[in-house]
Amino acid sequence: MAQQTVSLSPRGPYGFGLVLAYLRSSPSAIVERVSENGFQRALVIGPGVVVSVHRQVLLPSTDPLTLTITAERLTSSLIEATTAHVRRLLCLDVDGHPIEGHLARHDPALGTYVQQYRGFRPVLLGSPWEALLWAVSGQLVSVEQARGIKQRLVQQGQRAVQVADTRWPLPPDPTWVLQSGVDTLRILGLSRTKAQAIYTVADAVTQGTLDLSPGLAGARVASALDQLETIPGIGPWTRAMVALRGYGQLDVIPDGDAGLQTIVARHSFPTTERLTAQALRAHAARWAPYRGWATYLWWLQLQAEALARRANAAYERGHRQ
């Protein structure tokens, strides 16, 4: 087993503690293992690697993070590819300071959380395929139901990177989806429409007619997203989630996201319980060209409020007993 440590310097102050808080409460952080000062997960790069990202300083700082890469065999090209991939997943090459200033100036309600979450940056999922799989799994179900489906997909898929005596799980790959079939996906909790959508995407990826490679850029990403949206069961919301969480397009707004519609209404339109997609899209125009960045900030606040409600409910139950 080979291991290499690399220093990752962020552009501008980086709030690593907030990033870890987001991962702890995100319903899409299924294969990540989060600790007090870092996180670990497997990635599909080369034959598969396990990455561990740590930093003692949790408050916003330009201090470098420490990336440890572990694999059966490490080459210079694999180390370089993994380092670049992790930098992209953590948005380390984007200075968030001017973005925070822009959002705070243009939206006072959001500005409250810009101040509260100084140094937070979006955290991408491991790949566009992972983003697609988790997005379809989470359509039109509760957060708890979605998390259960994702966990069952990981368990049944049996895909992992082995490091010494430890298995580091990964989402199932397109080949497993094709071999298992739509009925197996339905047993795991997916509707027929969702299962068929995932199966169709897996078939296109396997056949080479759809490219969901993480390294795509520009027009090739747009082409892949256009092609995705032609598949029944995959609409604008799923496309936006893949663009934002898979490709890191930080001006994308998933205006059909129920959580986002609710949290923005709560803080910007107190008399409205939930915004329509059209109303959210109109309101989000003030965040451009960082609508996706603003979305991540709202998601972080949404998760914080959900945690607070669960804590209060547990406290009240304890006092009633």
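Residues numbered from 1 in each chain as written. Predicted model: local features only at pLDDT ≥ 70, side-chain atom pairs only at ≥ 80, totals over all residues. Heavy atoms only, no water.

Draft legend 1. Seen up close, the sheet that holds strand β4 (residues 49-54). Read from one edge of the open sheet, 5 strands run β1-β5-β4-β3-β2, paired in antiparallel fashion. Two strands in the sheet have a free side with no partner beyond their single neighbour: β1 (2-8) and β2 (33-34). Sheet topology places β4 next to strand β5 (residues 65-71); 5 bridges connect them, and they run antiparallel. Bridge assignment links Ser52 to a residue of β5, and that residue is Thr68. Against the sheet, helix α1 (residues 16-25) engages β2, β3 (38-43), β4 and β5, with an angle of about 60° to β3. (Pairing = 2+ DSSP bridges. Helix = DSSP H or I, 4+ residues; strand = E, 2+ residues; numbered from the N terminus. Contact = heavy atoms within 4.5 Å. Axes fitted to C-alpha atoms, helices over the stretch in contact; angles between N-to-C directions.)

Draft legend 2. Focus on the environment of Leu250. In this structure, Leu250 sits in the loop between α10 (236-246) and α11 (258-268). We classify Leu250 as buried; its relative accessible area is 15%. Between the alpha carbons of Leu250 and Pro122 there is a distance of 8.5 Å; along the sequence they are 128 residues apart. Beyond its immediate chain neighbours, meaning those up to four positions away, Leu250 contacts Cys91, Pro122, Leu244, Pro289, Tyr290, Arg291, Gly292 and Trp293. (Buried < 20%, exposed > 50% of the residue type's maximum accessible area, 1.4 Å probe, protein only.)

Draft legend 3. Focus on the nonpolar core. If you look at the biggest cluster of nonpolar residues, it comprises 95 residues, and the most contacted ones within it are Leu103, Phe120, Trp129, Val201, Leu228 and Trp287. Ranked by size, the runner-up nonpolar core spans 6 residues in total, among them Ala42, Val161, Val163 and Leu170. (Core = buried A, V, L, I, M, F, W, Y, C linked by side-chain atoms within 4.5 Å.)

Draft legend 4. Region of the structure containing the layout of surface pockets. Taken as a whole, the largest pocket spans an internal volume of roughly 870 Å³. Residue lining of the largest pocket: 33 residues in total, with Pro27, Val143, Asp257, Gly259 and Leu302 positioned closest to the centre. Elements with a contribution of two residues or more to the lining of the largest pocket: α1, α5 (128-137), α6 (143-157), α10, α11 and α13 (291-320). For the lining of the largest pocket, the leading source of residues is α13, giving 6 residues. Of the residues that constitute the lining of the largest pocket, the class distribution is 16 nonpolar, 9 polar and 8 charged. Approximately 330 Å³ is the volume found for the second largest pocket. Together, 19 residues line the second largest pocket, and Val44, Ser127, Trp129, Arg159 and Pro214 are the ones closest to its centre. (1 Å grid on protein atoms, 1.4 Å probe; cavity = no way out; pocket = protein on both sides within 12 Å on 5 of 7 lines; lining within 4 Å. Points joined across faces, edges and corners; volume = space filled by probe spheres on them. Nonpolar A, V, L, I, M, F, W, Y, C, P; charged D, E, K, R; others polar.)

Draft legend 5. A look at the pattern of salt bridges. Per the stated rule, a full pass over the model turns up 12 salt bridges. Across the salt bridge formed by Glu130 and Arg41, the nearest N and O atoms sit 2.8 Å from each other. Of this pair, Glu130 sits in helix α5 while Arg41 sits in strand β3; the two residues are 89 residues apart in sequence, bridging distant segments of the chain. Of the charged contacts, one joins Arg220 and Asp211 as a salt bridge, the two residues approaching to 3.1 Å between their closest N and O atoms. According to the relative accessible area criterion, Asp211 is partly exposed, its value standing at 29%. Salt bridges sharing partners connect three or more residues here, namely Glu32, Arg41 and Glu130. (Salt bridge = Lys/Arg side-chain N within 4 Å of Asp/Glu carboxyl O.)

Draft legend 6. Here's a closer look at helix α8 (residues 192-207). Look at α8: 22 Å from first C-alpha to last across 16 residues, which is about the 22 Å you get at 1.5 Å a residue. All of the buried residues in α8 are Lys194, Ala195, Ala197, Ile198, Val201, Ala202 and Ala204. Lining the buried residues of α8 we find α5, α7 (174-187) and α9 (219-229). One or two steps after α8, the chain reaches Gly208, where phi turns positive at roughly 85°. (Expected span 1.5 Å × (residues − 1).)

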